[in-house]
Amino acid sequence: MLQIDLISIFPEYLAPLKLSLLGKAQDKQLLSINIHDLRDQTADVHHSVDDTPYGGGAGMVMSPVAWGDAIDQITKDDEIVDLIILTPAGRKFTQKIALEFSKSKHIIFACGRYEGIDARVGQYYADKANFRVHEISIGDYVLGGGEVAAMVIIEATARLIPGVLGNPDSLKEESHSITGDGEDLLVEYPNYTKPANWRGLEVPQVLLSGNHGEIAKWRKAQAERRTRELGSE
Ligand code: 6GU
């Protein structure tokens, strides 16, 4: 069972985590997803979570006080926790990192907004023996907050947990699938289904041939061609 906690000032933004594959994984008790409102931690009447940056500059920074209280409340001292801080300045998320996260027992997502979370939050938990802190970005563009990025990471991670996918063979041949050593990263070959002729476009003949050796060779060549073409963009 993987326990996932998300902390956000827009908990409603995370409602889709109940749906589809992730909903089924929760029904099967392979996954537990809990959403927390950061503002529940604030004592002041305005429930403020941000303040002006030391040193000046534009925008607001999220205060470490509410974050620390929220994280402490959902962790026990005797468990290992992966704390994922979502930030465009983080390490780029990949399939390999998804595989690593899929083996975790407890992941906490800190979904920041504004100009980010006070840097001491990551520093404080990185110094604790039972925390592994990961600053993660999902790509080279800037989002309004970490919520959508957290959903991307959860969707990629959860489907790698044994039992979550109905047909585990689906993992074997898809794009970016990892074959043990994590090195063989190809995008997938193109797929076709009926009809064999659609609006004048024919399915490649080899796929209709029934020759499994030739089909495997063709698919490998297509995957390599696609991967090469992406690399030269
Ligand atoms: Cl994780 N957060 C934000 N705010 N923007 C991003 C991101 C994360 N990853 C890419 N852009």
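See the structure printed just above.
Everything in this summary refers to the structure shown in the same document. Not measured: the values here are computed from a predicted model.

### A word on the site of the ligand
Surveying the vicinity of the ligand reveals the residues Leu-86, Thr-87, Pro-88, Ile-136, Ser-137, Ile-138, Gly-139, Tyr-141, Val-142, Leu-143, Gly-145 and Ala-149. The backbone of Tyr-141 places a nitrogen or oxygen atom 2.5 Å from a nitrogen atom of the ligand. Between Leu-143 and the ligand, the recorded distance is 3.0 Å, taken from a backbone N or O atom to a nitrogen atom. Relative to its unbound accessible area of 290 Å², the ligand is 96% covered by the protein chains. For the ligand, the cavity whose grid points lie within 2 Å of the majority of its atoms is the largest pocket. Elements that contribute at least two residues to the shell around the ligand include exactly strand 5 (81-92) and strand 7 (131-137). Of the residues contributing to the shell around the ligand, the split by class is eight nonpolar, four polar and no charged.

### Thoughts on the environment of Glu-147
Locating Glu-147 in the fold gives a position in helix 5 (residues 147-158). Relative accessible area serves as the criterion here: at 0%, Glu-147 is assigned to the buried category. Apart from residues lying up to four places away in sequence, Glu-147 is in contact with Ser-8, Ile-9, Phe-10, Tyr-13, Leu-14, Cys-111 and Arg-113. Side chain to side chain, Glu-147 and Ser-8 meet in a polar contact 2.6 Å long.

### Brief notes about the nonpolar core
One finds Ile-4, Leu-6, Leu-31 and Phe-109 to be the most contacted residues of the largest nonpolar core, which totals 29 residues. Listed by contribution, the elements that provide at least two residues to this core are strand 1 (2-8), helix 1 (20-27), strand 2 (31-37), strand 5, helix 3 (95-101), strand 6 (106-110) and helix 5. Aside from chain neighbours lying at most four places away, what touches Ile-4 is Leu-31, Ser-32, Ile-33, Asn-34, Ile-107, Phe-109 and Ile-154.

### Considering the packing of aromatic side chains
Counted by the stated rule, this structure contains four aromatic pairs. Summarising the aromatic geometry, the rings of Phe-93 and Phe-101 are spaced 6.4 Å apart at their centres and angled 15° between planes, so their arrangement reads as stacked. Between Tyr-125 and Phe-131 the ring centres are 4.8 Å apart and the planes differ by 45°, which places this aromatic pair in the tilted class. Overall, Phe-131 belongs to the buried group, its relative accessible area being 6%.

### A few points about the pattern of salt bridges
In the structure shown here, the tally under the stated rule is nine salt bridges. Put simply, Asp-140 and Lys-92 hold a salt bridge, and the shortest N to O gap is 3.4 Å. Residue Asp-140 is found in the loop between strand 7 and helix 5, and its partner Lys-92 is found in strand 5; the two are separated by 48 residues along the sequence. The exposure class assigned to Asp-140 is exposed, which follows from its relative accessible area of 68%. Judged by relative accessible area, which is 39%, Lys-92 ranks as partly exposed. When the shortest N-O distance is used, the salt bridge between Arg-159 and Glu-174 registers 2.7 Å. Of this pair, Arg-159 sits in the loop between helix 5 and strand 8 (197-198) while Glu-174 sits in the loop between helix 5 and strand 8, placing them 15 residues apart in sequence. Given a relative accessible area of 16%, Glu-174 falls into the buried group.

Reading the values: rules and limits
- Residues numbered from 1 in each chain as written.
- Predicted model: local features only at pLDDT ≥ 70, side-chain atom pairs only at ≥ 80, totals over all residues.
- Heavy atoms only, no water.
- Near = heavy atom within 4 Å.
- Polar contact = N/O pair within 3.5 Å; in protein donor to acceptor, adjacent residues only side chain to side chain.
- Areas by Shrake-Rupley, 256 points an atom, 1.4 Å probe, with all protein chains shown as cover.
- 1 Å grid on protein atoms, 1.4 Å probe; cavity = no way out; pocket = protein on both sides within 12 Å on 5 of 7 lines; lining within 4 Å.
- Sits in = over half its atoms within 2 Å of the grid points.
- Helix = DSSP H or I, 4+ residues; strand = E, 2+ residues; numbered from the N terminus.
- Nonpolar A, V, L, I, M, F, W, Y, C, P; charged D, E, K, R; others polar.
- Buried < 20%, exposed > 50% of the residue type's maximum accessible area, 1.4 Å probe, protein only.
- Contact = heavy atoms within 4.5 Å.
- Core = buried A, V, L, I, M, F, W, Y, C linked by side-chain atoms within 4.5 Å.
- Phe/Tyr/Trp six-rings, centres within 6.5 Å; stacked < 30°, edge-to-face > 60°.
- Salt bridge = Lys/Arg side-chain N within 4 Å of Asp/Glu carboxyl O.

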